[in-house]
Amino acid sequence: MSEDGAAATSNKTAETMSKDQQQQDKRKHKVIIVGAGMAGLSSANHLTKNGCTDFLILEGRNRVGGRIVSIDMGSQKIELGANWIHGVLGNPMFELAMQHGLISIINIPKPHKVVAATEDGKQVPFQILQEIYEAYVCFLRRCEEYFLCQYLPPPDIHSVGEHINLEVELYLNSVDCQKEKHLRKLIFDCLLKRETCITGCHSMDEIDLLELGSYTELQGGNIVLPSGYSSILKPLCDNLPKENIVLSCPVRRIHWKRKAALRASASAMTASASGTILEEDEDDGNESDDSDRTVTEVPIGDDAPQGMAGDEQKLSEAARIIKSSTANVVVECENGTVYEADHVICTLPLGVLKEQSEMLFVPALPQYKIESIDSLLFGTVDKIFLEYDRPFLNATISEIMLLWEGQEDNESGASEEQEQDGQWLKDNWYKKIYSFSKVSDTLLLGWISGREAEYMETLSHEIVAERCTDILRQFLKDPFVPKPKRCVCTSWRKQQFSRGSYTAIAVGASQDDIDNIAQPLYSSPHQSKPSVLFAGEHTHANFYSTVHGAYLSGRTAAQILLTPDSPQEIVMESDSSDLSSWIQGIALD
């Protein structure tokens, strides 16, 4: 080969290496955020505002927003996920919406007239409905008091459902007429079903009585954004560099302890052949030379056998990067791309953690975290939207409550054994729909929760629309109720990147479980900043199940990473020698 040819080849090799190096550098970041829901976007915003743009958001879906998604139906936006801004005072979502002109300050409440009807189409007198609703709210508030008070509930009463049903029984004992008693019981049952949709569970018997009050309700009622809840995503995304968000990029594994990660990548290679999954050794102590040798035996690059499948090549590539990486965390994606980071903020929903945490983290999460993930509830709540060509409900009616018969055992109307039976669900799933409310004159919304909601997700929209038409004709006593021209049902349980709707505290679980999940992970005892942080509504001890809970948790995770390692000197000025005012001036982190 001539000298010119050799020089050209050498330059080409250098160019290729330089491109490879650039490509690799692109995959090294200070922070990787897993998930572009509200928690992930909030973290990214807080980092950006504080001058840190060396981050990357990896999102499994082909859109941002997570469980916030609005679509057009008819002439308006409908919410498939998050519906309301819950409360005004101290709610960052409300402040953000106000700041960007997404809320009209003049809020004229729409006339709200609820009617309740029995299966034979008889409407309940409004005063009875009001009486039962007020009693029910009183019972629910009493349940919330246990969280703050020192006194204990009656023996053998552990859930909200059990407590409310006990109160209902005592309340109905004072009603002499059996017919009146039965009617009032049906209203209580309907309100309990409504509560399962608010709380995010199958039955209120699943919700821990002593923890109900742990959820903090912000004052100001529920606010709807006229342009759809998704409109709040734009101001959050506008601040972020476009190249910092990677869509359609699900994460396969988060390697957060390098030595254990090395062992795992080698194990994955051997396990993939036999189809077995080896348990990780959490011990980070002295390793034998064997583990390192196993890793070096993984075929890499040109040494790989000719017949090696694409997946195995990806694995070997991942193994090579993990072996050579000095980063705190290495993130493997489903498409084979590997990223390195100093820190990872994991905002995956609790439903995804329940399903994947064992495979997702290498080494496995600490036992206390796994137990807390298992203990909390991540229920399914779905919506059914029915769109019509013309209005058919009386213009003054805003909602029709459905008082189903046969709800004697609990609010879902069946024993545990019956519910497990597929035939029972097939015959009764729709009885979990507690009402249809008007979104507009030609758009109705029904809510459904729990196992019935999961069953509904297996049905076609046509079958759901037919069943809903039958229900409306029966309860309104009107055989001419039209069929909807369009039916849209959500399927949050089926969704790969949510696996449910939102978090609730199950019987036996507590706020401590939320705190346990939120606890960051350190790769070594010497680290000043954690390697893996957790955010999302399931990590906020007071605002779980809400968008503002997700937002605040994301901001907190980012703030932990932004806080300087060495304590900053606090300079205080005081015009008083009063000791108490001086103490009040001390800022404690």
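Residues numbered from 1 in each chain as written. Predicted model: local features only at pLDDT ≥ 70, side-chain atom pairs only at ≥ 80, totals over all residues. Heavy atoms only, no water.

Looking at an unreviewed UniProt entry, one finds the chain named Amine oxidase domain-containing protein and attributed to Anopheles minimus. Note on the chain: under the UniProt heading Subcellular location (unreviewed entry), the record states "Cytoplasm". (UniProt positions renumbered as here; feature names shortened; annotations may be inferred.)

*Asks:* Whenever I open this one, the overall build of the chain confuses me. Can you help?
*Replies:* When its secondary structure is counted, the chain shows 19 helices and 20 strands. Residue burial in the chain is summarised as follows: out of 589 residues, 51% are buried. By sequence separation, contacts in the chain at least 24 residues apart represent 76% of the contacts at least 6 residues apart. Total accessible area computed for the chain in this model is approximately 29,200 Å², and 50% of it derives from carbon and sulfur atoms. (Helix = DSSP H or I, 4+ residues; strand = E, 2+ residues; numbered from the N terminus. Buried < 20%, exposed > 50% of the residue type's maximum accessible area, 1.4 Å probe, protein only. Contact = heavy atoms within 4.5 Å. Areas by Shrake-Rupley, 256 points an atom, 1.4 Å probe, with all protein chains shown as cover.)

*Asks:* Would you take a moment to explain the sheet that holds strand β18 (residues 486-489) for this structure?
*Replies:* Sheets are built from strands that pair by backbone hydrogen bonding, the pairs being arranged parallel or antiparallel. Reading across the sheet, the six strands line up as β6-β15-β16-β17-β14-β18 and stay open at both edges, with mixed pairing between neighbours. Taken across any chain shown, the strands that pair with only one partner, and hence form the sheet edges, are β6 (114-118) and β18. Sheet twist, expressed as the mean angle between neighbouring strand axes with direction ignored, is 20°. Running at roughly 115° to strand β15 (residues 399-403), helix α6 (residues 178-199) makes contact with β6, β14 (381-387), β15 and β17 (443-449) of the sheet. Those strands touched by helix α16 (residues 461-476) are β6, β14, β15, β16 (435-440), β17 and β18, and its axis lies near 105° from that of β18. (Pairing = 2+ DSSP bridges. Axes fitted to C-alpha atoms, helices over the stretch in contact; angles between N-to-C directions.)

*Asks:* Looking at this structure, I do not really get helix α3 (residues 92-99). What am I missing?
*Replies:* Every α-helix carries 3.6 residues per turn, so stepping three or four residues along brings you back to the same face. All of the buried residues along α3 are P92, M93, F94, L96 and A97. Next to the buried residues of α3 lie α2 (38-49), β5 (85-86), β7 (222-223), α7 (233-238) and α18 (547-562). For α3, the N-terminal capping position is held by N91, with its side-chain oxygen 2.9 Å away from the main-chain nitrogen of M93. Backbone geometry just downstream of α3 places G101 in the positive-phi region, at approximately 65°. (Polar contact = N/O pair within 3.5 Å; in protein donor to acceptor, adjacent residues only side chain to side chain.)

*Asks:* Any chance you could explain the packing of aromatic side chains here in plain terms?
*Replies:* Two measures describe an aromatic ring pair: the distance that separates the ring centres and the angle between the ring planes. All told, the structure shown has 11 aromatic pairs when counted by the stated rule. Between Y388 and F392, the aromatic rings sit 4.7 Å apart at their centres with planes inclined by 70°, giving edge-to-face as the arrangement. Here Y388 matches F392 in class, with each residue buried. Taken together, the ring pairs connect W404, W429, Y430 and F475 into an aromatic cluster. Over the face of the ring belonging to Y430 we find R467, whose NZ or CZ atom lies 4.0 Å from the ring centre. (Phe/Tyr/Trp six-rings, centres within 6.5 Å; stacked < 30°, edge-to-face > 60°. Lys NZ or Arg CZ within 6 Å of the ring centre and 35° of its normal.)

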